[in-house]
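Secondary and tertiary structure notes
Listed here are the chains, written in short residue letters.
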Amino acid sequence: MLLKLFPIFVSVPTVALAEFAVPWQKTFQDPASPIMEGIINLHHDIMFIICFIVGFVSWMLFRTIYHFHHTRSPMPELIVHGQTIEIIWTLFPTIILLIIAVPSFALLYSADEMADPALTLKVIGRQWYWTYEYSDYSGVEGESIIFDSYMVPDDEIELGQLRLLEVDNRVVLPINTHIRVLMTASDVIHSWAIPSIGVKCDAMPGRLNQISMFINREGVFYGQCSEICGVNHGFMPIVVEAVKLDEYLEWVSNQMEEM
Ligand code: CUA
């Protein structure tokens, strides 16, 4: 009976880890990087504080509405000013905000930290696909691994593939490696975002943005362009396949051979 009443109960994913959005999802996708773990923990910490604020403010509000209803309080008080209470209700929220700011800034700056990257991935946003370049490796003529990544259209999708999320060429990256991602665009602003890795960065034409990434488990992580970039904005997904280092090196050598 309960299951029929609340679709949320039946829609809880049966798979252990979700690297993509699921119907009726209420919270974050499962984290795959220390930064995403930090974001989720910060969210939970702030949520804890918010519960008290919501409780306290609603309690005050309903109490006021109840006690100062004209039937219970026909003669209003003439007080219009109270210095003590004003100092309290100014300082108290300030202190709460300062308390929240400390872990928030710590997380913000650690997300920006570039810890001696072992690998650089260049991402170029285009209308409406992504181009990926691994400039660390060069072939005989100095060319680097470069490929385009298009969404798999509905009429070509295979059983088990995710509609609007699967791409023809996935980005392959090693786990437990500090990765630097350089981002730019060739036409308009796009945004390269993967929820489970905790990454979202604008790809701007004429600019080179930089983010760091550290994936701490294997998996296939799905993301989408997150900046309105034109008619096919919703059809330029991102797929990162995180593999063990030796598998990654094998992939690299295969790519080099194909060049
Ligand atoms: Cu590219 Cu939105």
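Just above sits the structure.
These remarks concern the structure in this document. (Residues numbered from 1 in each chain as written. Predicted model: local features only at pLDDT ≥ 70, side-chain atom pairs only at ≥ 80, totals over all residues. Heavy atoms only, no water.)

1. Considerations on the pattern of salt bridges
Note the cut-off: Whenever a carboxyl oxygen of Asp or Glu lies within 4 Å of a side-chain nitrogen of Lys or Arg, that contact is scored as a salt bridge. Burial classification: accessible surface area is computed with a 1.4 Å probe over protein chains only, and a residue below 20% of its type maximum counts as buried, one above 50% as exposed, and the rest as partly exposed.
By the definition in use, this model includes 5 salt bridges. The partner of Arg 170 in a salt bridge is Glu 166, and the shortest N-O contact between them spans 3.1 Å. For Arg 170, a relative accessible area of 25% corresponds to the partly exposed category. Residue classification places Glu 166 among the buried residues on the basis of a relative accessible area of 3%. Note that Arg 170 is salt-bridged to Glu 241, the shortest N-O span being 3.2 Å.

2. Focus: the side chain of Thr 184
Defined as follows: For helices the rule is a DSSP run of H or I covering at least 4 residues; for strands it is a run of E covering at least 2, with both sets numbered from the N terminus onward. Polar contacts, as used here, are pairs of N or O atoms within 3.5 Å; protein pairs need one atom able to donate a hydrogen and one able to accept it. Residues neighboring in sequence count only if both atoms are side-chain atoms. Whether two residues are in contact is decided by their heavy atoms, any of which lying within 4.5 Å being enough.
Looking at the secondary structure, you find Thr 184 in strand β5 (residues 178-185). Owing to a relative accessible area of 12%, Thr 184 belongs among the buried residues under this scheme. From its side chain, Thr 184 meets the backbone oxygen of Arg 207 in a polar contact 2.8 Å long. Excluding residues within four positions of it along the chain, Thr 184 makes contact with Lys 122, Val 123, Ile 124, Gly 125, Ala 203, Met 204, Gly 206, Arg 207 and Leu 208.

3. Examining the sheet that holds β5
In sheet architecture, strand pairing relies on hydrogen bonds along the backbone and comes in two forms, parallel and antiparallel. Filter applied, for reference: Note on pairing: DSSP must find at least two bridges between two strands before they are called paired. To get an axis, fit a line to the C-alpha atoms, keeping to the stretch in contact for a helix; angles then go from 0 to 180 degrees between the N-to-C directions.
The 5 strands are arranged β3-β2-β1-β5-β8 in an open sheet whose pairing can be described as mixed. Single-partner strands in this sheet number two, and they are β3 (145-149) and β8 (209-214). In this sheet, neighbouring strand axes are inclined to one another by 25° on average, regardless of whether the strands run parallel or antiparallel.

4. Examining the packing of helix α3 (residues 34-67) against helix α4 (residues 83-112)
Put simply, the rule reads: Orientation is classified from the angle alone, with under 35 degrees giving roughly parallel, over 145 giving roughly antiparallel, 65 to 115 giving roughly perpendicular, and any other angle giving oblique. Each residue is assigned to one of three groups, with Ala, Val, Leu, Ile, Met, Phe, Trp, Tyr, Cys and Pro labelled nonpolar, Asp, Glu, Lys and Arg labelled charged, and all others, Gly among them, labelled polar.
Contact geometry for α3 and α4: axes closest at 10 Å, N-to-C directions at 170°. It follows from the interaxial angle that α3 and α4 lie roughly antiparallel. On α4, the residues touching Ile 35, Gly 38, Ile 39, Leu 42, Ile 46, Ile 49 and Ile 53 of α3 are Ile 96, Ile 100, Pro 103, Ser 104, Leu 107, Ser 110 and Ala 111. Residues that form the contact of α3 with α4 fall into these classes: 11 nonpolar, 3 polar and no charged.

Everything listed here is a matter of geometry and, on its own, says nothing about what the molecule does.
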